[in-house]
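# Secondary and tertiary structure notes
For reference, the chains in residue letters:
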Amino acid sequence: MARIKFTTTLDENLLALAKEKSCHGANEIIEQALRFYFRNASVTVWEKSINTEDDNNDKHFQKLILRSNRLVLETVQDRTTIKKYDKESVCPKSLKLGGWSKVWDISKIMPH
């Protein structure tokens, strides 16, 4: 793919962070971010409650993810947000030992 020179203004701190995180400079991160954006620009996510009348906590729901080439339907039985937790219990090694599998990681898409 041909490369062209492009000039813009960016937040100074973001540019410095991009230069620090990427072996190939900020251009690589900006290009990857644009690819990620356009790959997901047409994605729409819908949710609906599937609670019973006895359960009004809005914890049970279905999520419908519409992409241009597929549809993903998830049924979630419980959504809980935990603000205070032991960081060691959610490190990759601990999660793998607990039977968890990593299914998505932005670092695979966005090099750092």
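Remember, it's a predicted structure, so these values are computed and weren't measured experimentally.

### Considering the pattern of salt bridges
Inspection of every chain in the model, using the stated rule, returns three salt bridges. Here E31 makes a salt bridge to R3, at a shortest N to O gap of 2.7 Å. Highlighted residues: E31 in helix α2 (residues 26-40) and R3 in the segment before α1 (12-21), separated in sequence by 28 residues. We classify R3 as exposed; its relative accessible area is 62%. R79 is paired through a salt bridge with E47; the nearest N and O atoms lie 2.7 Å apart. With R79 in the loop between β3 (71-76) and α3 (92-97) and E47 in strand β1 (residues 44-49), this pair connects stretches of sequence that are 32 residues apart.

### Examining the packing of aromatic side chains
Applying the stated criterion to the full structure yields one aromatic pair. Considering the side-chain rings of Y37 and F38, the 5.0 Å spacing of their centres and the 80° angle between planes classify their relative orientation as edge-to-face. What makes Y37 exposed here is its relative accessible area of 51%. Looking at F38, the relative accessible area reads 59%, which means it is exposed.

### Concerning a positive patch on the surface
There is a patch of like positive charges on the surface, built from R35, R39, R67 and R70. Within the element layout of this structure, R67 appears in the loop between β2 (61-66) and β3. We classify R67 as partly exposed; its relative accessible area is 30%.

### Focus on the confidence of the model for the protein chain
Should pLDDT be low for a region, the predicted coordinates there are not to be read in detail. For the protein chain, per-residue confidence averages 84 on the pLDDT scale, and residues scoring 70 or more make up 88% of the total. No element of the protein chain has a lower mean pLDDT than helix α4 (residues 106-109), which averages 62, and none a higher one than α3, which averages 93.

Parameters and conventions
- Residues numbered from 1 in each chain as written.
- Predicted model: local features only at pLDDT ≥ 70, side-chain atom pairs only at ≥ 80, totals over all residues.
- Heavy atoms only, no water.
- Salt bridge = Lys/Arg side-chain N within 4 Å of Asp/Glu carboxyl O.
- Helix = DSSP H or I, 4+ residues; strand = E, 2+ residues; numbered from the N terminus.
- Buried < 20%, exposed > 50% of the residue type's maximum accessible area, 1.4 Å probe, protein only.
- Phe/Tyr/Trp six-rings, centres within 6.5 Å; stacked < 30°, edge-to-face > 60°.
- Patch = residues over 30% accessible without salt bridge, like charges linked within 9 Å, V, L, I, M, F, W, Y side chains within 5 Å.
- Areas by Shrake-Rupley, 256 points an atom, 1.4 Å probe, with all protein chains shown as cover.
- Lys, Arg positive; Asp, Glu negative; His and termini not counted.
- Charge placed at Lys NZ, Arg CZ, Asp CG, Glu CD.
- pLDDT = per-residue confidence, 0-100.

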